[in-house]
Amino acid sequence: PATTSFVGGTRLTVAGVGFTGAAEDISFTVCGAPAAVLSTEYGQAVIETPPLVTLHTLAAYMPDAEPYQLAATAIGPNSAAVFDGDVSSHGTVTSYVGMDMGPLAKAWLTALWFFPRLTGQDSRVQMMEAKPSFQVSNDSVTWEDIPGLTALAFVALGWNKFEDLTVPPAQYVRLTHSGSTPFDLVELRFYGYVLNSTDGVDCAVDVSVNTTDTTAVATATLAAAVTYASGSTPVVTAISPASGTAAGAQTVVLTGTGFTSPQSLVTVKIDGIDCVVQSSTGTSITCITGYRPAIVPDALGMVVWIAGVGEAALQCSPYMYIDPWSSPLTWRDGLPPVDGDLVVLPKGRNVLLDIDTPKLLYLLIEGTLIVDDTQDVELHSTYIFVRGGTLQAGTEAAPHQHTFRITLYGDRYTTPHFPIYGAKNLAMRGGLIALHGVPRTPVWTRLAATAAKGAKSITVRQPTDWQRGEWVVIAPSHYFFYEAERRQIQSVSPDGRTIHFKERLLHNHYGEIYTAAGRAIDMSSEVGLLDRNLQIEGDADSWKQSFGGHCIFHSPGRHHKVEMEYVQLQRMGQKKLLGRYPIHFHLEKNVENSYVRGCAIHDTFNRAVVVHDSNHLLIEANIAYNTRGHAFFTEDGNERFNTFKDNLGMMSNPASSQLAHDVFPSTFWIANPLNNLIGNAAAGSSHLGFWIAPPQHPRQASVDETQCPFQSPLGTVVGNTAHSNGRHGFWVHEEHYARQHECGDDNEVANPFIASTITNLTAWKNLEQGLGLTKIAKYVIDGTVAVDNGDAGIEIGDVGGYRTTGHV
């Protein structure tokens with residue numbers, strides 16, 4: 001048999017008779033995997049071997065391959081709906097649903113997600129009664145349970161995610177159950193890799209040809225025709241340099257194994273452009289890059305091809321064509337941008353931001369702008385618009401180490417406001433914004449001991465990486481939110497726990513565990529760090545008009561992703577203007593791959609983080625300080641399955657020029673109960689810490705009478721803290737009657753109430769109630785502690801609504 005690289009790419013001539021001359025009418029497989037058809041004649045065809053993906057080749061030749069969502073033939077009754085990617089549809093699971101990878105492939109699962117039906121009907125109870133289990137099989141007769149995923153006793157709201165699975169590869173994977181009651185499932189996803197079911201030795205080549213009779217297909221098999229072999233798999237382990245200008249003429253050295261000589265047998269292509277090989281040995285290839293046009297085809301990447309063997313495996317990052325902003329060669333006519341210019345980075349163009357920009361009018365990113373991480377860099381513009389392109393500073397695995405600052409400019413009255421996106425903005429309509437600052441440890445913590453008025457130091461519970469010159473905020477301990485204090489660090493003790501300030505504290509800040517009725521109650525003030533090395537800010541004149549910068553992400557129907565972590569935002573938001581917030585996900589629908597993590601948002605003119613008609617967003621470990629109006633805000637009532645986790649908010653100030661209820665700001669304002677609040681601290685607002693405020697139907701831009709938030713289930717609400725708020729610590733107002741069928745019958749028998757649970761809430765020193773519930777039904781208050789609140793610890797108004805009572 002012919003031998004080929006495990007990465008594929010070997011060109012084979014297949015001889016025979018009856019091959020059609022039209023490539024679209026003929027298909028080949030090698031080891032069961034589709035092979036590219038390069039040319040056909042009646043008596044022969046030239047094909048290119050596909051990669052062979054096995055556990056061995058993934059580890060040896062593709063170590064950086066990322067898991068992906070698997071697709072295959074759906075099995076089981078009503079299974080098509082649970083794999084259609086549409087969260088508005090559902091399938092009823094009567095026995096099982098799953099996937100069949102086919103006889104020549106196997107699924108190697110690394111994760112699985114499932115989403116029970118909630119819209120219209122909460123099916124979690126039926127699902128838990130059915131005791132669902134996940135199984136794999138290689139013959140569809142003998143099934144093996146996936147460890148830890150058998151007879152699930154708990155089903156959460158929204159996506160139930162099981163990651164880091166250890167599951168043997170299998171042809172079949174399914175969700176089944178042992179109960180007699182069917183349940184409705186919205187979506188089911190399997191993540192991992194599709195593996196070849198063979199080891200690649202003596203593989204068959206199969207051909208199928210469409211005949212003149214369009215209903216018939218002719219097939220043939222050439223047995224034991226191809227063998228994949230390690231000895232036929234070249235490997236590139238290093239590329240030097242890793243990048244260079246699109247002008248070309250850069251000498252590049254590839255180091256690895258399995259190469260060959262003479263050089264005429266070696267081809268290197270980068271973004272489809274020849275890197276002309278100058279020399280080649282068994283372990284080294286030297287080539288010179290060619291000129292890369294500003295606009296290139298969509299199929300980008302790097303291919304190293306050895307004649308008679310195939311493609312080389314890349315075990316390092318591919319070479320990147322990227323032009324430095326500082327080079328005249330990057331710009332048309334050799335003229336770099338100046339103040340007031342409009343700059344366009346077209347699709348396919350990569351630019352390295354290696355110097356401070358002038359004060360641009362407009363920067364349109366349809367290609368890629370990567371921030372240089374060898375020095376501090378600043379980007380200045382009135383408008384920055386990512387339209388299908390990429391703006392990147394660091395990655396999640398390799399955060400940006402230097403300072404990168406974006407400053408946004410504009411005047412409230414003279415700067416033009418674009419429809420939807422406004423002015424003085426960082427905006428996105430499709431594409432990727434990836435801003436990864438240096439992780440700070442911790443983002444926020446609590447006092448380990450009381451800090452008295454007049455003290456110039458505090459002691460915190462855990463070691464910090466906080467530095468001299470940085471700023472921290474300390475939450476109030478009394479009833480008044482304005483006793484929060486901001487202080488600059490003078491020095492930090494060697495263990496990172498004692499923080500010394502330049503100025504004395506003006507108020508007492510409690511740092512003890514209080515004991516009442518034999519129970520330990522944590523009433524220590526929170527302490528948060530405001531500094532980050534990635535920064536987005538309005539210009540220095542923003543204060544004059546309360547007109548700061550804003551970030552708006554609005555990408556209807558387009559692929560989009562926002563990764564924003566450890567970014568500092570200040571002088572952001574625009575007073576009196578709806579939709580102009582520091583961070584704003586606007587009508588984005590599904591944003592399950594996006595997140596805002598570890599950011600510090602302070603001194604704003606309009607909120608902090610706003611989620612508007614967007615679902616599945618993660619907002620985690622952020623700080624909001626000295627904001628106007630509601631800080632963490634879901635807007636219309638159709639926002640669902642978003643998770644607010646481990647965030648800290650303090651100094652939430654009234655705003656008289658926004659929505660009517662912004663004069664009573666809440667640090668967390670949640671319009672639809674079907675969101676998650678986990679481990680957050682609302683540590684000082686003029687009025688409220690948490691406010692769940694369900695409307696009867698979504699409102700404003702999202703009017704939808706098929707949704708009834710006031711009857712939606714309550715998400716996971718656990719481990720939150722509310723203190724030093726001017727009115728309520730945690731408030732559910734005006735009405736919330738969660739029912740089995742949302743928007744269903746008012747009859748309690750036909751459409752019963754379902755439980756809404758608030759777990760382990762700690763509420764102290766709020767001027768009115770620690771926990772206030774107005775019009776509710778079937779609430780479970782579990783493990784809540786309310787201490788030293790002004791009017792009441794827990795106050796419950798109209799229980800059971802206007803028809804029933806007694807549901808607490």
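All values derive from a computational prediction rather than experimental measurement. (Residues numbered from 1 in each chain as written. Predicted model: local features only at pLDDT ≥ 70, side-chain atom pairs only at ≥ 80, totals over all residues. Heavy atoms only, no water.)

**As for the overall build of the protein chain**
Item 1. A count of helical and extended segments in the protein chain gives 3 helices and 72 strands.
Item 2. Expected size for 808 residues packed as a compact globule is a radius of gyration near 28 Å; at 30 Å, the protein chain falls within 12% of this value.
Item 3. Once the C-alpha set of the protein chain is aligned to its principal axes, its extents read approximately 90 × 70 × 50 Å.
Item 4. Per-residue burial over the protein chain gives 57% buried out of 808 residues.
Item 5. Once local pairs closer than 6 in sequence are excluded, the contacts in the protein chain between residues at least 24 apart make up 70%.
Item 6. For the protein chain, the exposed area adds up to about 31500 Å²; of that, 53% sits on carbon and sulfur atoms.
Item 7. Between the centroid of the 52 positive side chains of the protein chain and the centroid of its 78 negative side chains there is a distance of 9 Å. (Helix = DSSP H or I, 4+ residues; strand = E, 2+ residues; numbered from the N terminus. Rg over C-alpha atoms; globule rule 2.2 N^0.38 Å. Buried < 20%, exposed > 50% of the residue type's maximum accessible area, 1.4 Å probe, protein only. Contact = heavy atoms within 4.5 Å. Areas by Shrake-Rupley, 256 points an atom, 1.4 Å probe, with all protein chains shown as cover. Lys, Arg positive; Asp, Glu negative; His and termini not counted. Charge placed at Lys NZ, Arg CZ, Asp CG, Glu CD.)

**Regarding the sheet that holds strand β25 (residues 302–306)**
Item 1. As summarised here, the arrangement of the 4 strands in space is β22-β21-β25-β26, forming an open sheet in which the pairing is antiparallel. Edge positions in the open sheet fall to β22 (273–274) and β26 (310–311), since each of these has one partner strand only.
Item 2. In the sheet, β25 pairs with β26 via 2 bridges, with the strands oriented antiparallel. Among the inter-strand pairings, tryptophan 305 is bridged to a residue of β26, identified as glutamate 311. (Pairing = 2+ DSSP bridges.)

**Details of the side chain of threonine 110**
Item 1. Locating threonine 110 in the fold gives a position in strand β10 (residues 105–116).
Item 2. Judged by its relative accessible area of 18%, threonine 110 falls in the buried class.

**Details of the sheet that holds strand β7 (residues 73–75)**
Item 1. Strand order in the open sheet made by the 5 strands is β7-β9-β14-β11-β12, with antiparallel pairing throughout. Each of the sheet's edge strands pairs with one partner strand only, and the pair in question is β7 and β12 (144–145).
Item 2. In this structure, β7 lies alongside strand β9 (residues 96–100), joined through 3 bridges in antiparallel fashion. The residue bridging isoleucine 75 from the neighbouring strand is glycine 98, located in β9.

**Overview of the pairing of β10**
Item 1. For β10, a buried count of 10 out of 12 residues is recorded, marking the element as mostly surrounded by other parts of the structure.
Item 2. Sheet analysis places β10 next to strand β15 (residues 183–196), joined by 11 bridges and oriented antiparallel. From the neighbouring strand, leucine 109 faces β15, where its bridge partner is glycine 192.
Item 3. With 3 bridges joining them, β10 and strand β13 (residues 160–162) adopt antiparallel strand pairing.

**Describing the packing of aromatic side chains**
Item 1. Within the structure shown, the criterion is met by 31 aromatic pairs.
Item 2. Ring centres 4.9 Å apart and planes at 70 degrees place the aromatic pair tryptophan 325 and tryptophan 331 in the edge-to-face group.
Item 3. Note on tryptophan 325: relative accessible area 1%, which makes it buried.
Item 4. The exposure class assigned to tryptophan 331 is buried, which follows from its relative accessible area of 12%.
Item 5. The structure contains a cluster of three or more aromatic residues connected by ring pairs, namely Trp113, Phe115, Trp159, Tyr191 and Phe641.
Item 6. For the cation-ring pair, arginine 174 lies above tyrosine 96, with the distance from its terminal atom to the ring centre recorded as 5.1 Å.
Item 7. Positioned above the aromatic ring of tyrosine 595, the side-chain terminus of arginine 597 is 4.1 Å from the ring centre. (Phe/Tyr/Trp six-rings, centres within 6.5 Å; stacked < 30°, edge-to-face > 60°. Lys NZ or Arg CZ within 6 Å of the ring centre and 35° of its normal.)

**Looking at the environment of proline 103**
Item 1. Along the chain, proline 103 turns up in the loop between β9 and β10.
Item 2. Remark: the alpha-carbon pair of proline 103 and asparagine 196, spanning 93 residues in sequence, is separated by 9.5 Å.

**Quick word on the pattern of salt bridges**
Item 1. Scanning the entire structure with this criterion turns up 27 salt bridges.
Item 2. As a salt-bridge pair, arginine 607 and aspartate 662 come within 2.6 Å of each other at their nearest N and O atoms. Highlighted residues: arginine 607 in the loop between β53 (600–602) and β54 (609–615) and aspartate 662 in the loop between β59 (648–653) and β60 (666–670), separated in sequence by 55 residues.
Item 3. Assessed through its relative accessible area of 0%, arginine 607 is described here as buried.
Item 4. We classify aspartate 662 as buried; its relative accessible area is 0%. (Salt bridge = Lys/Arg side-chain N within 4 Å of Asp/Glu carboxyl O.)

**Some points on the side chain of arginine 349**
Item 1. Mapped onto the fold, arginine 349 is located in the loop between β30 (342–345) and β31 (350–353).
Item 2. A polar contact of 3.2 Å, which involves the side chain of arginine 349, links it to the side chain of aspartate 323.
Item 3. Dropping the residues within four chain positions of it, arginine 349 is found in contact with Arg292, Ala294, Asp323, Leu329, Thr330, Gly367 and Thr368. (Polar contact = N/O pair within 3.5 Å; in protein donor to acceptor, adjacent residues only side chain to side chain.)

**Notes on the environment of aspartate 122**
Item 1. With respect to the helices and strands, aspartate 122 occurs in the loop between β10 and α2 (124–130).
Item 2. A relative accessible area of 3% places aspartate 122 in the buried class.
Item 3. For aspartate 122 and phenylalanine 183, which are 61 residues apart along the polypeptide, the C-alpha to C-alpha distance reads 9.7 Å.
Item 4. Here aspartate 122 is in contact with Arg117, Pro713, Gln740 and Ile754, once residues within four sequence places are set aside.

**Considerations on the state of the cysteines**
Item 1. Scanning all chains against the criterion turns up 3 disulfides.
Item 2. Here cysteine 275 is linked by a disulfide to cysteine 287, with a sulfur-sulfur distance of 2.1 Å. An S-S torsion of about 85 degrees defines the bridge between cysteine 275 and cysteine 287 as right-handed. Placement of the pair is cysteine 275 in the loop between β22 and β23 (276–280) and cysteine 287 in strand β24 (residues 284–288), with a sequence separation of 12 residues. (Disulfide = S-S within 2.5 Å.)

**Section: the pairing of strand β36 (residues 404–408)**
Item 1. Within β36, 4 of the 5 residues are buried, leaving the element largely enclosed by the surrounding structure.
Item 2. With 5 bridges joining them, β36 and strand β47 (residues 534–538) adopt parallel strand pairing. The partner of threonine 407 across the bridge, within β47, is glutamate 537.

**A word on unusual backbone geometry**
Item 1. In this model, serine 240 is joined to proline 241 through a cis peptide bond whose omega is -10 degrees.
Item 2. Residue glutamate 734 is reached from histidine 733 by a cis peptide bond, and omega for that bond is 25 degrees.
Item 3. Tracing the backbone shows glutamate 734 in strand β66 (residues 730–736).
Item 4. The phi torsion at alanine 249 lies on the positive side, around 65 degrees, for a residue other than glycine.
Item 5. Taking the relative accessible area as the measure of exposure, alanine 249 reaches 64% and is therefore exposed.
Item 6. In this structure, asparagine 760 is a non-glycine residue whose phi angle is positive, near 55 degrees.
Item 7. For asparagine 760, the location among the structural elements is in the loop between β67 (756–759) and β68 (762–764).
Item 8. Residue asparagine 760 is classed as partly exposed on the basis of its relative accessible area, which comes to 38%.

**Some words on the environment of proline 77**
Item 1. Counting through the fold element by element, proline 77 comes out in the loop between β7 and β8 (91–93).
Item 2. The contact partners of proline 77, leaving out residues within four places of it in the chain, are Thr92, Thr94, Ser95, Tyr96 and Val97.

**Digging into the confidence of the model for the protein chain**
Item 1. Here the protein chain shows a mean pLDDT of 93. Residues at 70 or above account for 97%.
Item 2. For residues 801–808, every residue scores under 50 in pLDDT, and the model assigns this stretch 20 contacts once sequence neighbours within four places are set aside. (pLDDT = per-residue confidence, 0-100.)

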